[in-house]
Amino acid sequence: MSAERTFEYIGTRPIRHDGLDKVTGRANYGADFTLPGMLHGHVLRSPHAHARIVSIDTSAAEATPGVKAVITGKDIPKTNAKLSLGEAAMELGPMGDNALAHDKALYEGHAVAAVAATSPEIAREAAEKIVVVYEVLKPVMTVDQALAPGATILHDDLVTKGKPLADAPKHTNVALRMELKRGDLEAGFAAADLIVERTFTTPMVHQGYIEPHACVARYGEDGQVLVWTTTQGHFIVRDASAGILGIDAAKVKVVPSEIGGGFGGKIPVYLEPLAIVLSRKAHRPVKMVMSRDDVFRASGPTSGTKVRMKIGAKKDGTLVAASASLYYEAGAYPGSPAGAGAMCVIAPYTIPNFMIEAYDIVVNRPKVAAYRAPGSPAAMFATESVIDEIAQKLGMDPIDLRLKNAAQEGDSAPYGPKYGPIGLKQVLEATKAHPHWKAPLGPNQGRGVACGFWFNAGLNSTATVSLSADGSATVVTGNPDIGGTRVAQAMMVSEELGIPVERVRPTVADTDSIGYNDLTGGSRVCYATGMAVIKAAQDARDQLCARAAKIWDVDPSCVAWERGRAIPLNGASDKEPLTVSALAAKMTATGGPIVGRGAVSAPMAGPGFATNICDIEVDKETGVSRVVRYTAIQDVGKAVHPSYVEGQMQGGAVQGIGWALNEEYIYDEAGHLENAGFLDYRMPVASDLPMIDTVLIEVANPLHPYGVRGVGEVPIVPPLAAVANAMAGATGVRFTDLPLSPPRVLKALSGA
Amino acid sequence: MSTIHVRTTVNGEPTEFLCEPAETLLDALRNRLGLTGTKEGCGTGDCGSCSVLLEGRLVPSCLVLAAEAIDREVLTVEGVAVGDALHPVQQAFLEQAALQCGICTPGLVVAAKSLLDRNTNPTEQEVRFWLAGNLCRCTGYDKIVRAVMDAAEVMRNETSEVRA
Amino acid sequence: MLTQRYEAPTTVADAVRLMQADPQATPLAGGTDLLVQYRVGLRRPSAFVDLKRIPGLVGITLDEVGMRLGAATSAAEVCEHGEARRLWPGLVEAVGLLGSTQIQGRGSVGGNLCNGSPAADTTCPLIVNRARAVIAGPQGERTVDVDGFTTGPHKTVLAPGEVLVALWVPRPAAGTGDAYLRLIPRSEMDIAAAGAAVSVTLDKGGTCTAARVAIAAVAPTALLVPAAAEALIGTKLDDAALVRAGEAASAAARSIGDKRGTAAYRRTVVGVLTRRAASIAAARARASH
Ligand SMILES: Cc1cc2nc3c(=O)[nH]c(=O)nc-3n(C[C@H](O)[C@H](O)[C@H](O)COP(=O)(O)OP(=O)(O)OC[C@H]3O[C@@H](n4cnc5c(N)ncnc54)[C@H](O)[C@@H]3O)c2cc1C
Ligand code: FES
Ligand code: FES
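Values in this document were obtained by computation on a predicted structure and should not be read as measured data.

Student: Can you explain the overall build of chain C? Please cite residues and give values.
Tutor: Secondary structure summary: chain C contains eleven helices and 14 strands in total. Scaling as 2.2 N^0.38, a compact globule of 289 residues should have a C-alpha radius of gyration of about 19 Å, and chain C matches this with 19 Å. Expressed as lengths along the three principal axes of its C-alpha atoms, the size of chain C is roughly 60 × 45 × 35 Å. Taken over 289 residues, chain C has a buried fraction of 59%. The contacts of chain C with a sequence gap of at least 6 include a subset with a gap of at least 24, amounting to 61%. In the form shown here, chain C has an accessible surface area of approximately 10,400 Å², with 55% of it arising from carbon and sulfur atoms. A distance of 4 Å separates the average location of the 31 positive side-chain charges in chain C from that of its 25 negative side-chain charges.

Structure representation (structure tokens):
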């Protein structure tokens, strides 16, 4: 079994192959690419949150010297096509409408026209000359407004999917209602000694990747398209752009640049279809780059949410019943992660009786995109706050309460399947045993703990491993490397072939140069693409063994592979073992190039659990708080490169801390975003934070040959409640609305 | 519009380019000189990705006009390493895994170098406050701060070796 | 229209002439306000008049009467000036709060003042230190108090063609200490939701003989609060006096609510900051005897 396996390379910390280029400024990101004769695109965006587009007059823009093409929604076909993304499907119609509005502007910043010109300045000035006549409509900014009787309706043709309530209105902003149930809810609550019920809200927040969206597109007169772009999934860019524009995917080649962060936000296409159409019109390549303002207003943040959570417990801490209602803002088109939130909300615990409903609700805000464990942080903020309160009211240690109810192997997840080996209990035990949990607190300080859960995705991946005559190897995959996945893939090749990591060169190939790969997301790259890499390396290894058999003139069954060498078995034991280098040197003579292939459709990756301990210090006169100590504990399956696993845990924790303390989209009543910049959006800066300690628990995932689990997403789940629970400890006030910004904290303290 | 002829020094090399009056140093470095190591994360001074040294001082190149570089010295991330010798900060970033996506890295390398040019014995808090204008969304800063502290130690040892 | 010209005069007279000839020409110091406003389309000057090549506009000189701070001197240079920090720790700390290290490499105290934001961090400490603004214009030079220099949000006493040349800060009297505190949600990189500057002078017996209190981000301009000063003068700066000064500051606040904080929040917090700043200023004043 994989847990027993001892590794030579897996678990070490080699320097990443793409590191030198990145510390010297040589690496090319989205905005760093140019083509000869390139034009610059600029998008004109709606100043209104909700408006019907009556007319668009582009003549003045077209007449501006230097302008080569102007497009509006008319240039993007309306489509009903869908793109399958593993189990989920992406609707391409709304994605195209989101990229360039057809009939209605559905949020402030919604693209309504685009210009390509010889310089960015000319393009911008020309765009400002486009005259758009709007019929301004009342904006719907919150789930409460969207659900209110008589609410303005965003999409006249929207019908509620899933399980709408019997008395639900037909004309609605609810895109989906889903339900998960088990047991007898009433009986469950009747058996409870203590019931805690509260309603929680979290604001719309942005992934906050530092690199804005950027691409260059060239449309050839023969219909061949080249797109260079920063994305989490260039195959998605290819298929989505082709699908939206009604062109053959095979005619579109997408080259991924280095990517400056995504966290889920660089999955949809925004600029690419526009750049392609502008290029088609102008007969020249077109570059498009979002400003930071554009990124905030018009890319895909994650849902603001409202969650009503009710949990019943016995005196001994046994959780007996839970009910939850999750209301998630989808933004302008359906597709919030409410469903995922519902599946996560009580996933860490075995609660026999529950009823969970989730609503996906359209509002006049940007269409949400994925953001690290989409749906889970807001849901688990509610659960973990209520659990903390139950522990407090029962006088129990909050970790003991969780341990008492923690799911383990064989328990049925609330969303159906039985858990395989999972590490929740081990994580909780490690949390309890950590010195941080028992360390004394200073004045005005509080400590909070919280759990997190995420599924982790599998999906499709392809990899090839090719040997060079000198015994070095290349490994090619199709997943943009956002945080060190190249080095991890090289390490897997090293592990299988027994050659040093420095002798393996990992490459991220474009859509023409490798088979299909789903996106970098869902914490799937090290796991699923890793499986493809291991398969490809094993394929190469099998070929090496066959070559050894040929050289030794023995039956292939007489050759085995051990520590980087083909070794002879019975019937060939007089032969000297052959190293990779020795075999590769004879490649031509023994049958030609050695190329290993791996293509997998990996199952769901085995869920990840984490806990965080947070110490916070509060200035009770101003409401300002600082995180003073932080520890993240996580079941990581098997840490391939521990430094980058720790990095995921630390980065996720800090994003979660930002979500808890200061980050939020602030809109005025008319639906204008008031803080579309880093100065007022307030992500954590270096001086806001302590070191983030990490504890890696390794409970091998049986689905993966090394036991790897996805590690990238669950880190952002626990912090929201960990911070809020710490705040409750420091102030004696339980906070149900994020962010815990100084004015809100002070108000609660003076009211208390 | 009157195009401006700029004579300046970039990474030690005498350099000339033409620019528009309102063009930023960031745009000129990237688009006129092909020095795309300096990144734009915001264009409004808030993220530090565009950090360069101007006359030895750490500045956001998105808020410097290209024309201001006339007769001045500019150092970008491309000029931090000397030949094949990485600066200790760059080496420490690699060893500490202080980058994930790496988009913030050029700005951080330049900012950290400018700190260590002044002080090779900074405290953790000094490092954190000096770098507060460099946003990193991937790492949570932990490994970045460690890398800068490590680089400082390497630099202290180097100077003591030179002295010895 | 995009900005068409970049000018880098080397004398004050040239700068004034340029601006007189073209009322749309705009002075550029560090550009950390101006170039941001340009970028987001709020301002489209016809020309940027870079002041940093004018010798007297950059640099710090100290003599027995006070400090002359060139209007376009970068914040970083101010913070590196040990003697200035010793004499006006509150003022120099405020300069050290501007933005980030990068912003401080560019941004100037003069620019902070001329931009006229009610939340400017260095204006209140200048006011409590009785700083004067040296202005050059078509009619020659004039000097005005920094208190009153800003007349409304982004409005100043500068007439067309006028340039702020320098700030002049008199040496503090013996037994004086100053302090500035602001409230931001993060630890750095934020615009103040409220700020308070205090300067106090103590006699040898520890009695406060002079005080000035000015508050930021709670009114259309930086606000001198005489009532808060009066609460301190004549006392030993005991806790009760500090509390009264804080209350006076809160009472004087005419705050509005916005994305950086509600009006009520700002009013409460400016009192807390005033009390705490007064306490730090008092400790500094005591230490200076
Ligand atoms: C990321 C970031 C963070 C910031 N943080 C802070 C902060 O914490 N606290 C704070 O108070 N401010 C902050 N600011 C605002 C800004 O940095 C300061 O106001 C700075 O002091 C402005 O100085 P400057 O030299 O850059 O001014 P500039 O931008 O060059 O000029 C500002 C204005 O004053 C005019 N002007 C400048 N000098 C003169 C002169 N000598 N005579 C006449 N007019 C003149 C200009 O025409 C312009 O209108 C921040 C800005 C950014 C981008
Ligand atoms: S690009 Fe200059 S600070 Fe962000
Ligand atoms: S490594 Fe991605 S922003 Fe810092």
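Moving on, there is more to tell.
Student: Give a description of the interface of chain B and chain A that names residues and reports values.
Tutor: Listed by partner, the interface residues are 42 residues for chain B and 51 residues for chain A. Summing both partners gives a buried area of about 3,800 Å² for chain B against chain A, and 59% of it is carried by carbon and sulfur. On the chain B side of the contact with chain A, B:Leu94, B:Gln100 and B:Arg137 bury the most area, a combined 22% of that side's loss. Taken together, chain B and chain A are joined by four salt bridges. Residue B:Arg137 pairs with A:Glu663 through a salt bridge whose shortest N-O separation is 2.8 Å. If you look at where chain B meets chain A, you find 23 residue pairs in polar contact (both at pLDDT 80 or more). Across the side of chain B that touches chain A, the residue classes tally to 19 nonpolar, eleven polar and twelve charged.

Student: Run through the pairing of strand 10 (residues 163-170) of chain C, naming residues and quoting values.
Tutor: All names here are of chain C. Within strand 10, seven of the eight residues are buried, leaving the element largely enclosed by the surrounding structure. Here five bridges tie strand 5 (residues 66-70) to strand 10, and the two strands are oriented antiparallel to one another. Residue pairing for strand 10: Met 67 is matched across the bridge by Val 169.

Student: Describe the pattern of salt bridges, listing the residues and the values that go with them.
Tutor: As a working rule, side chains carrying opposite charge can pair if their charged atoms are close by. All names here are of chain A. Under the defined criterion, the tally for this structure stands at 72 salt bridges over all chains. Of the charged contacts, one joins Glu 8 and Arg 563 as a salt bridge, the two residues approaching to 3.7 Å between their closest N and O atoms. Of the two residues, Glu 8 is situated in the segment before helix 1 (19-23) and Arg 563 in the loop between strand 23 (559-562) and strand 24 (565-568); the sequence distance between them amounts to 555 residues. On the basis of relative accessible area, Glu 8 is assigned to the partly exposed category, the value being 39%.

Student: Would you mind going over the sheet that holds strand 27 (residues 608-618) of chain A in detail, with residue names and values included?
Tutor: As a general point, the strands of a sheet are linked pairwise by backbone hydrogen bonds and lie either parallel or antiparallel. Residues and elements named next belong to chain A. One open sheet holds the four strands; their spatial order is 19-27-28-29, and the pairing between them is mixed. Looking at the sheet topology across the chains shown, the edges are occupied by strand 19 (445-454) and strand 29 (692-697). Here the strands of the sheet are splayed against their neighbours by 15° on average, with no regard to which way each runs. When strand 19 meets strand 27, the two strands line up antiparallel, connected through ten bridges. In the strand pairing of strand 27, Gln 445 is matched with Glu 617. Packing of helix 19 (residues 642-661) onto the sheet brings it into contact with strand 27, strand 28 (625-635) and strand 29, and relative to strand 29 it is tilted by some 125°. The strands touched by helix 21 (residues 719-731) are strand 19, strand 27 and strand 28; relative to strand 19, the strand with the most contacts, the crossing angle is about 160°.

Student: Describe in detail the packing of aromatic side chains, supporting the description with residues and values.
Tutor: Summed over the entire model, instances satisfying the criterion amount to 18 aromatic pairs over all chains. Centre to centre, the rings of A:Tyr665 and A:Tyr681 are 6.2 Å apart; their planes meet at 85°, and the pair counts as edge-to-face. Of this pair, A:Tyr665 sits in the loop between helix 19 and helix 20 (678-681) while A:Tyr681 is found in helix 20, placing the two residues 16 residues apart along the sequence. Accessibility classification places A:Tyr665 together with A:Tyr681 in one group, the buried group. One aromatic cluster is present, formed by A:Tyr415, A:Tyr419, A:Phe453, A:Trp454, A:Phe455 and A:Phe609 through successive ring pairs. Across from the ring centre of C:Tyr38, 4.5 Å away, lies the NZ or CZ of C:Arg44, which sits over that ring.

Student: Quick one: what's the story with the site of ligand 1, residue by residue and with numbers?
Tutor: Close to ligand 1 lie 37 residues, the nearest being C:Pro27, C:Thr32, C:Asp33, C:Ser108 and C:Asp121. The local environment of ligand 1 is shared, drawing residues from chains A, B and C. Here C:Ala29 contributes a backbone N or O atom positioned 2.8 Å from an oxygen atom of ligand 1. Within the backbone of C:Leu97, one N or O atom sits 3.4 Å away from an oxygen atom of ligand 1. Computed on the free molecule, ligand 1 has an accessible area of 970 Å², of which 96% lies beneath the protein chains in the complex.

Reading the values: rules and limits
- Residue numbers run consecutively from 1 along every chain, following the written order of its sequence.
- Chains carry letters and ligands carry numbers; both start at the beginning, A for chains and 1 for ligands, and go up in the order they are written.
- At least 70 in pLDDT is required for a residue's local features to be given in this predicted model, at least 80 for side-chain atom pairs to be given and counted, and no such filter applies to totals for whole chains, interfaces and linings, which use all residues.
- Working from all heavy atoms in the structure, the side-chain values ignore hydrogens and water.
- Numbering goes from the N terminus for both helices and strands, where a helix is a DSSP run of H or I of at least four residues and a strand is a run of E of at least two.
- This radius of gyration counts C-alpha atoms alone. The globule rule is 2.2 Å times how many residues there are, raised to the power 0.38.
- Accessible area is worked out with a 1.4 Å probe on protein chains only. A residue is then buried under 20% of its type maximum, exposed over 50%, and partly exposed in between.
- Should any heavy atoms of two residues lie within 4.5 Å, those residues are considered in contact.
- Here the open area of atoms and residues is found with the Shrake-Rupley method and a 1.4 Å probe, where only the protein chains shown may cover a residue.
- His is not counted, nor are the chain ends; Lys and Arg add positive charge and Asp and Glu add negative charge.
- A single reference atom marks each charge: NZ on Lys, CZ on Arg, CG on Asp, CD on Glu.
- Values labelled buried area give the accessible surface lost by two parts on being combined, using a 1.4 Å probe and summing over both.
- One speaks of a salt bridge when a side-chain nitrogen belonging to Lys or Arg is within 4 Å of a carboxyl oxygen belonging to Asp or Glu.
- For the purposes of these results, a polar contact is taken to be a pair of N or O atoms within 3.5 Å, where, inside protein, one atom must be able to donate a hydrogen and its partner to accept one; residues adjacent in sequence count only when each atom of the pair is a side-chain atom.
- Polar here means any residue other than Ala, Val, Leu, Ile, Met, Phe, Trp, Tyr, Cys and Pro, which are nonpolar, and Asp, Glu, Lys and Arg, which are charged; Gly is therefore polar.
- Strands were regarded as paired on the criterion that DSSP finds at least two bridges between them.
- Simply put, an axis is a line fit to the C-alpha atoms, just over the touching stretch for a helix, and the angle between two N-to-C directions goes from 0 to 180 degrees.
- Two rings belonging to Phe, Tyr or Trp (six-membered ring only in the last case) form a pair when the distance between their centres is within 6.5 Å. Interplanar angles under 30 degrees mark stacking, angles over 60 mark edge-to-face geometry, and anything in between is tilted.
- For a Lys NZ or an Arg CZ to count as sitting over a ring, it must be within 6 Å of the ring centre and within 35 degrees of the ring normal.
- For each residue, the test is whether any non-hydrogen atom lies within 4 Å of the molecule or strand; if one does, the residue is near.

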